[in-house]
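# Topology and contacts: notes
Listed below are the residues making up each chain.
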Amino acid sequence: MGRGINGAILKLLRAEDFPCTVTKTWMHSPTMKALRISSPEFLRTYTPAEGEYLRCWFPDPDHPAKEVMRGYTMIDIDPKAGEFTLLFLLHQPAGPASRWAETAVAGDRFEASYYGSSPFSLPPNKPEGFIFVADAAGIPYVNALADQLADSFPLKVWLLDWQPSHHQIPLRHHQNITIEWIQPSAETLLEKAQSTDWKGWYPHLVCEAKVLLPTRRYLLKEAKIPKDFMYVHAYWVQGKEMGKSRELSDS
Ligand SMILES: Cc1cc2nc3c(=O)[nH]c(=O)nc-3n(C[C@H](O)[C@H](O)[C@H](O)COP(=O)(O)OP(=O)(O)OC[C@H]3O[C@@H](n4cnc5c(N)ncnc54)[C@H](O)[C@@H]3O)c2cc1C
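I will try to describe carefully the structure that is included in this document. (Residues numbered from 1 in each chain as written. Predicted model: local features only at pLDDT ≥ 70, side-chain atom pairs only at ≥ 80, totals over all residues. Heavy atoms only, no water.)

Another aspect to go through is helix α6 (residues 209–221). Taking 1.5 Å as the rise per residue, α6 with 13 residues should run 18 Å; its terminal C-alpha atoms sit 18 Å apart, in good agreement. For α6, the set of buried residues is A209, V211, L212, T215, Y218 and L219. Where α6 begins, one side-chain oxygen reaches toward the backbone nitrogen of K210, 2.8 Å away; that side chain belongs to E208. (Helix = DSSP H or I, 4+ residues; strand = E, 2+ residues; numbered from the N terminus. Expected span 1.5 Å × (residues − 1). Buried < 20%, exposed > 50% of the residue type's maximum accessible area, 1.4 Å probe, protein only. Polar contact = N/O pair within 3.5 Å; in protein donor to acceptor, adjacent residues only side chain to side chain.)

Here is the structure:
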């Protein structure tokens, strides 16, 4: 999509683009690269919570006149220093964002926008616990929420086991957290959801879209979990690119 209508919508939503500069990079695991980002202007304007995400614009290597928008989760936010960290899964097939991150070095720049995505808040009725369904790209989100919740609630983390290398991505460990790797298929996840007693348990689904959808439907229609008590976000789509693009000349 060009910037025309898209740009107008972003303006209406008051999304501003903030300049971001990479200050440091390191490998967080063999398949996940960490980028420390400086964006003082953004962190002077907003106070995002750990686990919220930014919509980042990266160059499209196949179309030099274009940039693509992709979501990435902010962690280790330091408002005083104007810095935060993003963790990029270096997946195959790669896309513009993962390709950009793979070669990113200190000094590289990009723009990002933030819609004030509502940070996590506790449901009104005291939950029994939380169930997270994620794959590698969702681990930064799960770890961020685990830091906020694990002292007070049991957390079950179901991770979609796409690749053995994903097991090397660091996970939060805590006596209240149980972690289980499951086959990454819509059927397996649905069966697991169907054999779970959801009473008082709040789901967070942050994984591949096609795996997620039947379980989302089941939780809403059969398990009767109100929409407001679920956090559901498709993070990527197998075999498809994710997100919008804009023409550089329009920006
Ligand atoms: C709210 C939100 C927060 C997110 N936070 C993070 C984060 O912190 N870290 C992170 O790594 N990702 C995160 N993601 C996921 C990330 O935005 C997507 O994986 C995105 O598609 C990557 O863009 P790309 O340009 O590399 O690939 P695309 O151009 O979107 O896709 C190209 C190819 O790569 C494949 N692909 C894309 N993503 C994956 C994947 N995760 N695993 C395997 N194959 C994939 C596609 O199926 C396609 O074949 C987040 C997504 C959302 C919506």
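From this point on, the discussion continues.
With antiparallel pairing, eight strands are arranged side by side in an open sheet as β5-β6-β2-β1-β7-β3-β4-β13. Unpaired on one side and paired on the other, β5 (75–78) and β13 (245–247) mark the two borders of the sheet. Across the sheet, the mean angle separating the axes of adjacent strands is 35° when strand polarity is ignored. (Pairing = 2+ DSSP bridges. Axes fitted to C-alpha atoms, helices over the stretch in contact; angles between N-to-C directions.)

What follows covers the packing of helix α5 (residues 186–194) against α6. How two helices sit against one another is set out by the angle between their axes and by the gap between those axes. One can describe the packing of α5 onto α6 by two numbers: an axis separation of 8 Å at closest approach and a directional angle of 25°. By the criterion of interaxial angle, the relationship of α5 to α6 is roughly parallel. Our pair here, α5 against α6, has a crossing hand that is right-handed. Here A186, L189, L190, A193 and Q194 of α5 lie close against α6, whose contacting residues are K210, V211, P214, T215 and Y218. Class assignment for the residues of the contact of α5 with α6 results in seven nonpolar, two polar and one charged. (Parallel < 35°, antiparallel > 145°, perpendicular 65-115°, else oblique. Left-handed = near helix turned anticlockwise from the far one by under 90°. Contact = heavy atoms within 4.5 Å. Nonpolar A, V, L, I, M, F, W, Y, C, P; charged D, E, K, R; others polar.)

With that settled, consider the sheet that holds strand β11 (residues 201–208). Read from one edge of the open sheet, five strands run β10-β9-β8-β11-β12, paired in parallel fashion. Edge positions in the open sheet fall to β10 (177–182) and β12 (231–236), since each of these has one partner strand only. Between one strand axis and the next, the sheet turns by 15° as a mean value, whatever way the strands run. Summarising the sheet, β11 and β12 pair through five bridges and their orientation is parallel. In the sheet register, L205 faces β12, and the bridge partner there is V232. Strands β8 (129–134), β9 (155–160) and β10 of the sheet are contacted by α5, whose axis makes an angle of about 140° with β10. With respect to the sheet, α6 is in contact with β9, β11 and β12, its orientation differing from that of β11 by roughly 155°.

In short, the description is geometric, and any link to function would need to be established separately.
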